[in-house]
Amino acid sequence: MVTRHPAIVLAVDGERTFASLLDGRHCWFKPEEIRPFRIVSGMNVQCRRAAAADYVPAVVEEVRGNIIQVRYEDEAHELTLIGLLRISRKEP
């Protein structure tokens, strides 16, 4: 299972890319680790509910730029920021 976090590319050095993850961390990545980060309504994501440290499952209900409305498993709704999301996906 691969987890994808939103990030902003800061520099490219040959085969390495340095990025600032929107959760505040900075990392070097290999080219094969970089993918577009697209969020759409109906997508299953993991979200830091109330900006807590842990990620919990949620479904995206609406996307307004960097502001995302999600619905949690207990049916609670929250407006959150894209930097508090991550996507899990299986490798092909």
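To be clear, the structure that these remarks concern was listed above.
Anyway, here's the lowdown on the structure attached to this text.

Quick notes on the rules
- Residues numbered from 1 in each chain as written.
- Predicted model: local features only at pLDDT ≥ 70, side-chain atom pairs only at ≥ 80, totals over all residues.
- Heavy atoms only, no water.
- Salt bridge = Lys/Arg side-chain N within 4 Å of Asp/Glu carboxyl O.
- Helix = DSSP H or I, 4+ residues; strand = E, 2+ residues; numbered from the N terminus.
- Pairing = 2+ DSSP bridges.
- Axes fitted to C-alpha atoms, helices over the stretch in contact; angles between N-to-C directions.
- Patch = residues over 30% accessible without salt bridge, like charges linked within 9 Å, V, L, I, M, F, W, Y side chains within 5 Å.
- Areas by Shrake-Rupley, 256 points an atom, 1.4 Å probe, with all protein chains shown as cover.
- Buried < 20%, exposed > 50% of the residue type's maximum accessible area, 1.4 Å probe, protein only.
- Polar contact = N/O pair within 3.5 Å; in protein donor to acceptor, adjacent residues only side chain to side chain.
- Contact = heavy atoms within 4.5 Å.
- Core = buried A, V, L, I, M, F, W, Y, C linked by side-chain atoms within 4.5 Å.

## Focus: the pattern of salt bridges
(1) Moving on: Scanning all chains against the criterion turns up five salt bridges.
(2) Moving on: For the salt bridge of Arg49 with Asp74, the shortest nitrogen-to-oxygen distance reads 3.2 Å. Within this pair, whereas Arg49 is found in the loop between strand E5 (44–47) and strand E6 (56–64), its partner Asp74 is found in the loop between strand E7 (67–72) and strand E8 (77–81), the two being separated by 25 residues in sequence.
(3) Moving on: Across the pair Glu75 and Arg71 runs a salt bridge, and its minimum N-O distance is 3.5 Å.

## What about the sheet that holds strand E4 (residues 26–29)?
(1) Moving on: Ordered in space as E2-E3-E4, the three strands form an open sheet in which the pairing is antiparallel. Each of the sheet's edge strands pairs with one partner strand only, and the pair in question is strand E2 (7–13) and E4. Along the sheet, successive strands turn relative to each other by an average axial angle of 25 degrees, direction set aside.

## What to know about a nonpolar patch on the surface
(1) Moving on: Judged by side-chain polarity, Ile8, Leu10 and Leu22 come together as a nonpolar surface patch covering roughly 280 Å² of accessible area.
(2) Moving on: With respect to the helices, strands and loops of the structure, Leu10 is situated in strand E2.

## Focus on the side chain of Ser20
(1) Moving on: Along the chain, the position of Ser20 falls in strand E3 (residues 16–21).
(2) Moving on: By relative accessible area, Ser20 is classed as buried at 17%.
(3) Moving on: A distance of 3.4 Å separates the side chain of Ser20 from the side chain of His26, its partner in a polar contact.
(4) Moving on: Discounting chain neighbours no more than four positions away, the residues touching Ser20 are Ala7, Ile8, Leu10, Arg25 and His26.

## Quick notes on the nonpolar core
Proteins that are soluble and globular tend to have nonpolar side chains buried together.
(1) Moving on: Listed in full, the 11 residues of the largest apolar core are Ile39, Val45, Cys47, Ala58, Val60, Ile68, Val70, Tyr72, Ile82, Leu85 and Ile87.
(2) Moving on: Residue assignment for this core shows that the elements contributing at least two residues are E5, E6, E7 and strand E9 (85–89).
(3) Moving on: The leading source of residues in this core is E7, at three residues.
(4) Moving on: Setting aside its immediate chain neighbours within four residues, Ala58 contacts Met43, Asn44, Val45, Cys47, Val70, Arg71 and Tyr72.

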